[in-house]
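If you want the building blocks of each chain, they are given just below.
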Amino acid sequence: MSKNLVIVESPAKCKTIEKYLGKDYRVLASFGHVRDLVPKEGAVDPNNNFAMKYQVIDRNLKHLQEISKEMKKADNLYLATDPDREGEAISWHVHEYLQSKKLLKEKTVHRVVFHEITKKAVSEAIAHPTELSTTLVNAQQARRALDYLVGFNLSPLLWKKIRRGLSAGRVQSPALRMIVERELEIEAFKTREYWSHTADVSAHKQPFKAKLTHFKGEKLAQFSITDEKTATEVKQTLLDVADGKLIVAKLEKKQRKRNPAAPFITSTLQQEAARKLGFTTKRTMMVAQQLYEGIDLGGETAGLITYMRTDSVNLADEAIADIRELIAEKYGADNVPESPRSFKTKSKNAQEAHEAIRPTSAKRLPEDVKNRLTAEQFKLYELIWKRTVACQMIHATLNLVAVDLHCGSEQNVFRATGSTIAKPGFMAVYLEGRDDKKDTDDKESFLPPMEEGRPVDLHEINANQHFTEPPPRYSEASLVKALEEHGIGRPSTYASIISTLQNREYVTLDSKRFHPTDVGRIVNKFLTEHFTQYVDYSFTANLEDNLDAVARGEKDWVPLMNDFWQPFTQLITEKDESVQRSDVTQEAIDEKCPDCGSQLSIRLGRNGRFIGCTQYPECSYTRNLNDDGTQSNEPEVVEGRTCPKCDSALVIKTGRYGKFIGCSGYPKCKHIEPLEKPLDTGVECPQCKKGNILKRKSRYGKVFYSCSEYPSCDYALWNAPVKESCPECNWPVLTLKTTKRRGPEKVCPQKECKYATPYEGDPEDVNGPKAESVG
């Protein structure tokens, strides 16, 4: 009989931890949260100090029953859920449940945290247990209560004032505001033309380029030259006075040091994985969880990284010593700085865990464990390993050269710059990516040897036309960065914020950039106009800071809840009475209805925004609104094609499931086709052997794969086909299936066949370049 019962969150850890601790310990998983607020009004009672009513989550009842059964046999309970607020709350809920069943009488209860799943870390945690943190539990309860009160009170108001089925969140709403405001910036942006001049020059037969910085004694700004005529005149003037030569007027040489980036925290890991690996935040956290919980390394199972939800950049002294030793062995002692590097945590409330995300052993090289990892696990582990090792290496040294070249006189100046890496230092291992700008520091650009006062050959002067560009839409990486900078959300919430906005269909992700939907715009407009304070970035960040103060034991959570609730509920009541639905869903435009002469307005329908008469239903006049918000009187004609049935023009229409191509002769001709053509996977249909399998989207946007001969052949798959036959049942194709526990696998689609094998390639490139649009 096991005397000690250990509770963790994930079943993936159980066997590994049990093996580390020995036969006197039984390890069971809670499978995440075990209790939640009852899903109805009254779950949080503001009139009774915000007392909360919980119920067991149905799917986890059986796990609690198993924990209860084992608790009857055990003497000691070790609550070992994850080392953050969520984990503390789960431990508390397990404790409360067992206590309600009177299973903790004369039993000892401990709280332990595993920042990494290694034998040493687990053994040390068990040997030095603590108690449940009441302050952390209170902070988490306050967050949950706030989210509940906002959702259960604000969402019904959205139903009344906009449409049914909408919802609003305390943290998601400011994030939505960011995306919508960026879109409005883009729409309001006015493009400006400007010109620059570059000279094609050479010295000692080595060509290089120089940029014009001064013309006739005036320093050039971005908009000094704004039209082609002026640009051409400047070019000709310079060519005339240069007479084929530029004079080296000034030569500057200097060195610059560049220091490595800090080790990963949750937000920076999500950003870098998005930039370098193309991972979504959700995918990054899923793979990181697998690396943390443990990997079978052949003979032993161990966690490869420390806990991945953290905003601390600290590294343990033991880990730093391990890394410095590895650097000396692998990259040479001259790449080890005299003293270990330390980094300052930017977050005021870095408390989610004690360390940055790092390998549990720096000496466990990525290439040594590659054959034990899936392709995604290897990519992320290598990224974390490189960043961690690089952060303890010596700085990089860059040689910088700048040359000023006179054209005809000192009144006209061209400048050329070059850089070389004198000593790569940490850059030999890792260089941090950047959002929406080109990296230049890591790219060498040589300039030939030159001497002051000596001429260089001028071959051509180029007048270059440019146009200003609007700010870029948010990517997942830049949105996480913006949320972090504004203090909105915490490490464990970034991925869920993004998922929630997408699931609610407030935003879409197109070419890895966020676009607000029409519904998202209207919801944001309603919240920013009528609940301004609650979507204000500073208000949200200050509330997060106050919740962190509760977690540190510096504030009581009930007064904090009262301060939020009283003005919030008053505002809900006020807006319910004063705001009309038409105020929110309609926007008047300066145009009269051509049918009845009444005012027209931009309105929100079930298929998005459109222009309609304000006298509806008496007048039913409507017309489309373009994607950019401009008015559209006529449907967009598909160029170069006609209807295959009646030869009429094809037009882009909007239906209940979005845009599609239809015949302009409707209703006489009812030909329709999808706006996005299916992609040919290049895999032959195994059922009819006539068509190929195409990648399609359902009316709800879900991707599936089906035969091009449909409807005569109804073969379909949910997973991407792979042009390989099953080695067990000889079915002509396999499919690529990805799960959280097992990662990407090639599996047989036949129900009666259980064949599955790990897939080592990139899931995005399963059928390579053969996939093409079906025209």
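The structure under discussion appears in the preceding block.
Conventions we followed
- Residues numbered from 1 in each chain as written.
- Predicted model: local features only at pLDDT ≥ 70, side-chain atom pairs only at ≥ 80, totals over all residues.
- Heavy atoms only, no water.
- Helix = DSSP H or I, 4+ residues; strand = E, 2+ residues; numbered from the N terminus.
- Buried < 20%, exposed > 50% of the residue type's maximum accessible area, 1.4 Å probe, protein only.
- Contact = heavy atoms within 4.5 Å.
- Areas by Shrake-Rupley, 256 points an atom, 1.4 Å probe, with all protein chains shown as cover.
- Lys, Arg positive; Asp, Glu negative; His and termini not counted.
- Charge placed at Lys NZ, Arg CZ, Asp CG, Glu CD.
- Pairing = 2+ DSSP bridges.
- Axes fitted to C-alpha atoms, helices over the stretch in contact; angles between N-to-C directions.
- Parallel < 35°, antiparallel > 145°, perpendicular 65-115°, else oblique.
- Left-handed = near helix turned anticlockwise from the far one by under 90°.

Attention now goes to the overall build of the protein chain. Along the backbone of the protein chain there are 18 helices and 36 strands. The C-alpha extent of the protein chain, read off along each of the three principal axes, is 100 × 85 × 65 Å. Taking all 775 residues of the protein chain together, the buried fraction comes to 49%. Pairs at least 24 residues apart make up 64% of the contacts formed inside the protein chain by residues separated by at least 6 positions. When the accessible surface of the protein chain is summed, it comes to about 39,600 Å², and 46% of that surface belongs to carbon and sulfur atoms. Here the protein chain carries 114 positive and 109 negative side-chain charges, and the mean point of each set is 4 Å from the other.

Taken in spatial order, the four strands make up an open sheet running β2-β1-β7-β8, and their pairing is parallel. Two strands in the sheet have a free side with no partner beyond their single neighbour: β2 (25-29) and β8 (108-111). Going from strand to strand, the sheet's axes swing by 20 degrees on average, the running direction of each strand aside. Relative to β8, strand β7 (residues 76-79) runs parallel, the two sharing four bridges. If you follow Leu79 over to β8, its bridge partner there is Arg111. Those strands touched by helix α1 (residues 14-21) are β1 (4-8) and β2, and its axis lies near 165 degrees from that of β2. Against the sheet, helix α2 (residues 61-71) contacts β1, β2 and β7, and its axis sits at roughly 165 degrees relative to β2.

A word on the packing of helix α9 (residues 281-293) against helix α14 (residues 494-503). Interhelical geometry of α9 versus α14 gives an angle of 140 degrees and a closest axis separation of 8 Å. Relative to α14, the element α9 is oriented oblique. Relative to α14, α9 is oriented so that their crossing is left-handed. The residues of α14 that touch α9, namely those facing Thr281, Lys282 and Met285, are Ala495, Ile498 and Ser499.

Right, let's talk about the pairing of strand β34 (residues 743-747) for a bit. Here β34 lies mainly inside the structure; five of its five residues are buried. Note: strand β33 (residues 734-739) against β34, five bridges, orientation antiparallel. Directly across from Leu736, in β34, lies its bridge partner Lys746. Note that β34 and strand β35 (residues 756-758) share three bridges and pair antiparallel. Its bridge partner lying in β35, Glu745 is registered against Pro758.

Attention shifts here to unusual backbone geometry. Put simply, Tyr666 and Pro667 share a cis peptide bond, and its omega is 10 degrees. Within the secondary structure, Pro667 is located in the loop between β26 (658-663) and β27 (672-674). Following Tyr710, the chain continues to Pro711 via a peptide bond in cis, the omega torsion being 15 degrees. With respect to the helices and strands, Pro711 occurs in the loop between β30 (703-707) and β31 (716-717). The phi dihedral of Asn49 falls on the positive side, at around 55 degrees, and the residue is not glycine. Mapping Asn49 onto the fold places it in the loop between β4 (44-45) and β5 (51-52).

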